[in-house]
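Understanding the architecture of this molecule
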Amino acid sequence: MVVNSVHWFRKGLRLHDNPALQEALNGADTVRCVYILDPWFAGAANVGINRWRFLLEALEDLDNSLRKLNSRLFVVRGQPTDVFPRLLKEWKVTRLTFEYDPEPYGKERDGAIIKMAQEFGVEIIVRNSHTLYNLDRIIEMNNNSPPLTFKRFQTIVSRLELPRRPLPPISQQQMDKCHAKIADNHDQLYGIPSLEELGFRTLGLSPAIWHGGESEALDRLNKHLDKKVWVANFEHPRGNMCSLYASPTGLSPYLRFGCLSCRVLYYNLRELYMKLRKRSSPPLSLFGQLLWREFFYTAATNNPNFDRMDGNPICVQIPWDQNPEALAKWAEGRTGFPWIDAIMTQLRQEGWIHHLARHAVACFLTRGDLWISWESGMKVFEELLLDADWSVNAGSWMWLSCSAFFQQFFHCYCPVGFGRRTDPSGDYIRHYIPILKDYPNRYIYEPWNAPESVQKAANCVVGVHYPKPMINHAECSRLNIERMKQVYQQLSHYRGLNSPPRSPAGREAAGCSTAPDSSTVCPPASYVPNENLEDFENQTPCTSSNTYPSAAITSTSTSASLPPSTATPPSPAQSPLSMSKPSTPSSSCPSLPPPPSLVTTPSQTSRKDLSRKFRRSQRQHERQFCTAAREEERRSEEEREDAWGEEKMEEGVEQEERMEDETFGETTGHQQ
């Protein structure tokens, strides 16, 4: 029987470690490699020119690699359900192979293709290679629900066997056995379109910082592995300004498009670590970037509403404001905060920003300052960010907006202090906002505080050449913490809102301070957060807190406080908020009522004395440890994980950035 195979490329745009492509070649008489410009991606208005350029470069590289093997890539335009019936008949296809897509849209699309192909009598072979693990197996091991904390996810993964080893690249010998005839007019029929053909204007388009394709991905991987000091030392390096720029060893866009196999990266890291550490088994934290990616894929795989608030069972229903004007200023880098504007400018120009930068702008848009839905920010990232993966992008935005996975909403990033600590000189701002290049370091992060003479000397007057700050960060941050507090108070299963931190940070409550991790915590005076903030008493003040000019945008919010009916909590069984944990309290915790008095009689004097001593002892104890600390011991591991989450989130992203191997070594704040 003649076997005519078609391999359908989607995300796995590579010849190395491609098990579905290997199945297409196995015993086949002819093999054709097809890429369909799916309208879900190609026709989407929210796919920017940088992402399109990266994709087209990846397809060109794939076509060039196939040319070397006497084959070609067949690029077909149209919907898969319309394209395949014609191709199956024309090429007399008997076998169709493709990589398993774990995301809901992909599973729905593939189900329709499988059904259609079976009606044509075509054999279907699907293989998983986009993720390290079988996501359904992870869910099964978690009582048939996705783990909603990273610690729980790591626990399950640690019980699994190691991922399957990657397969070798396709060889010339394999392709020679199943050569398909290539028409002379192949480029006219199945050529790769240009950006101009797709309707983009390329005049003035800056050169690509990230070049798409498997060849570039493998070259970056080799450079990445050549710099192995970070693996040998495996320390927590300090970040600096250089980390804000794109690294020549960065890999995230290549994992997103499948130009680089996650299993190849995994085993290269594993083997390198074992070589340097004398065969000792590597910790899970070594694979931080990959595991966060798997975590969000697992959470999203059976949730078609993962990218939206409505109908999403794990997402807290928060009444965000509708403010198109503020959203546009944020997306276009016109907020009046140079740190935020520089980040958004870099994103629009290059298609990538550092994870610390992602955290800063996401917090600013959502719970930190503008109180705009994470869904809006996610769509902007989907348009502009090269590595914007449906699952990872949505999951990260829910995390950073405290809508799922993470609930320490009192932890906010200051749009002045955070950037200043990362890049004290302000050179990053000068690079992306050249209008501010002549400002002295003292005012580069807050030019509105510069004297008029300084502004004129810098040829940039705030409000004329550069916008005034669109909001007062200190006021908005405190207001939004109150709003988040009211939302969370309505979640009956949320615990710890009134638990204090481990250190006496109450005197910081009414102010705006820059935390050791470069974040700004601006809690209201009436609220003491439950977070491990031992070093708050040593924090430096946020210099921008009370010196804003009046240029705030009017919000559409009708009230600063939220009525109880405005926030709808998710089901306790499904919400990650059911896993909260108050941190160990300190003496700043408000004392609880004393225990009930013991009933005494005149003949029970000794018992009364004992009772009095007990109450005194109890009050002393309560100044250091409130009831929440005692309850903490009785809570399950699952309930303790969310308060632990931020530290591990940042640690996981630190591993991701070390995997990107910035030569200086930096600390990050995640995703994917």
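Residues numbered from 1 in each chain as written. Predicted model: local features only at pLDDT ≥ 70, side-chain atom pairs only at ≥ 80, totals over all residues. Heavy atoms only, no water.

Moving on: the overall build of the protein. If you tally the helices and strands in the protein, you get 26 helices and 8 strands. Only carbon and sulfur atoms are counted for the fraction: they give 50% of the accessible area of the protein, which is about 27400 Å². (Helix = DSSP H or I, 4+ residues; strand = E, 2+ residues; numbered from the N terminus. Areas by Shrake-Rupley, 256 points an atom, 1.4 Å probe, with all protein chains shown as cover.)

Below, the discussion takes up helix 15 (residues 324-331). Here helix 15 has its buried residues at Ala326, Lys329, Trp330 and Ala331. Along its buried surface, helix 15 packs onto helix 16 (338-350), helix 17 (355-368), helix 18 (374-384) and helix 19 (390-400). Gly333 lies just past helix 15 and shows a positive phi near 70 degrees. (Buried < 20%, exposed > 50% of the residue type's maximum accessible area, 1.4 Å probe, protein only. Contact = heavy atoms within 4.5 Å.)

Time to look at the pattern of salt bridges. All chains considered together, the criterion is met by 26 salt bridges. Taking the shortest distance from any N to any O, the salt bridge between Arg483 and Asp321 comes out at 3.2 Å. With Arg483 in helix 23 (residues 473-489) and Asp321 in the loop between helix 14 (288-300) and helix 15, this pair connects stretches of sequence that are 162 residues apart. Here Arg483 and Asp321 have matching classes, each one buried. Measuring nitrogen to oxygen at the nearest pair gives 3.3 Å for the salt bridge that ties Asp438 to Lys437. Using a relative accessible area of 40% as the deciding quantity, one classes Asp438 as partly exposed. The structure contains a network of salt bridges with shared partners spanning Arg10, Asp101, Arg109 and Asp110. (Salt bridge = Lys/Arg side-chain N within 4 Å of Asp/Glu carboxyl O.)

Bringing the packing of helix 16 against helix 18 into the picture now. Where helix 16 contacts helix 18, the two axes come as close as 8 Å, and the packing angle between them is 40 degrees. With respect to their mutual orientation, helix 16 and helix 18 come out oblique. Contacts from Met344, Leu347 and Arg348 in helix 16 reach Val380, Phe381, Glu383 and Leu384 in helix 18. A per-class count over the contact of helix 16 with helix 18 returns 5 nonpolar, no polar and 2 charged. (Axes fitted to C-alpha atoms, helices over the stretch in contact; angles between N-to-C directions. Parallel < 35°, antiparallel > 145°, perpendicular 65-115°, else oblique. Nonpolar A, V, L, I, M, F, W, Y, C, P; charged D, E, K, R; others polar.)

Membership of the largest hydrophobic core comes to 147 residues, with the highest contact counts inside it found for Trp330 and Phe405. Per-element tally for this core: the top contributor is helix 3 (residues 49-67), with 9 residues. Those residues in contact with Trp330 that sit more than four places away from it in its chain are Thr335, Ile340, Met344, Val361, Phe364, Leu365, Leu370, Gly377, Val380, Phe381 and Trp397. Counting residues in hydrophobic clusters, the runner-up holds 19 residues, among them Val34, Phe84, Trp91 and Phe98. (Core = buried A, V, L, I, M, F, W, Y, C linked by side-chain atoms within 4.5 Å.)

The periodicity of an α-helix, 3.6 residues per turn, causes residues three or four places apart in sequence to face the same way. For helix 13 (residues 262-276), with 15 residues, the first-to-last C-alpha span of 21 Å sits near the 21 Å given by 1.5 Å per residue. Most of helix 13 sits inside the fold, with 11 of its 15 residues counted as buried. Looking at helix 13, one finds that the buried residues are Cys262, Arg263, Val264, Leu265, Tyr266, Tyr267, Leu269, Arg270, Leu272, Tyr273 and Met274. Directly beyond the C-terminal end of helix 13, a positive phi value near 55 degrees is found at Lys278. (Expected span 1.5 Å × (residues − 1).)

With that settled, the discussion passes to the packing of aromatic side chains. Under the defined criterion, the tally for this structure stands at 39 aromatic pairs. Measuring from ring centre to ring centre gives 5.1 Å for Tyr266 and Tyr267, while their planes differ by 75 degrees; the resulting arrangement is edge-to-face. This pair shows no difference in class: Tyr266 is buried, exactly as Tyr267 is. Ring pairs connect the aromatic residues Phe150, Phe153, Trp292, Phe295, Phe296, Phe306, Trp390, Trp399, Phe405 and Phe406, which therefore count as one cluster. The cationic tip of Arg10 hangs over the ring face of Trp8; the distance from NZ or CZ to the ring centre is 4.5 Å. Cation over ring: Arg256 sits above Phe257, and NZ or CZ is 4.5 Å from the ring centre. (Phe/Tyr/Trp six-rings, centres within 6.5 Å; stacked < 30°, edge-to-face > 60°. Lys NZ or Arg CZ within 6 Å of the ring centre and 35° of its normal.)

Here we take up the pairing of strand 1 (residues 4-9). Among the 6 residues in strand 1, 6 count as buried, and that is most of the element. Side chains Asn4, Val6 and Trp8 of strand 1 all project onto a buried face; the interleaved residues Ser5, His7 and Phe9 project onto the opposite face, where all are buried too. Where strand 1 and strand 2 (residues 30-37) come together, 6 bridges link them in parallel fashion. Residue pairing in the sheet places Trp8 in a bridge with Val34 of strand 2. Once the chain exits strand 1 it traverses helix 1 (residues 19-25) before rejoining the sheet at strand 2, and the crossover so formed is right-handed. (Pairing = 2+ DSSP bridges. Right-handed = clockwise from strand over helix to strand, strands pointing away.)

Turning our attention to unusual backbone geometry. Despite not being glycine, Asp17 has its phi angle at roughly 45 degrees, a positive value. With respect to the helices and strands, the residue Asp17 is situated in the loop between strand 1 and helix 1. We classify Asp17 as buried; its relative accessible area is 0%. Positive phi, close to 55 degrees, is recorded for Asn459, a residue that is not glycine.

Here the protein shows a mean pLDDT of 78. Residues at 70 or above account for 69%. The low-confidence segment residues 621-672 (pLDDT under 50) makes 174 contacts with residues lying over four places distant or belonging to another chain. (pLDDT = per-residue confidence, 0-100.)

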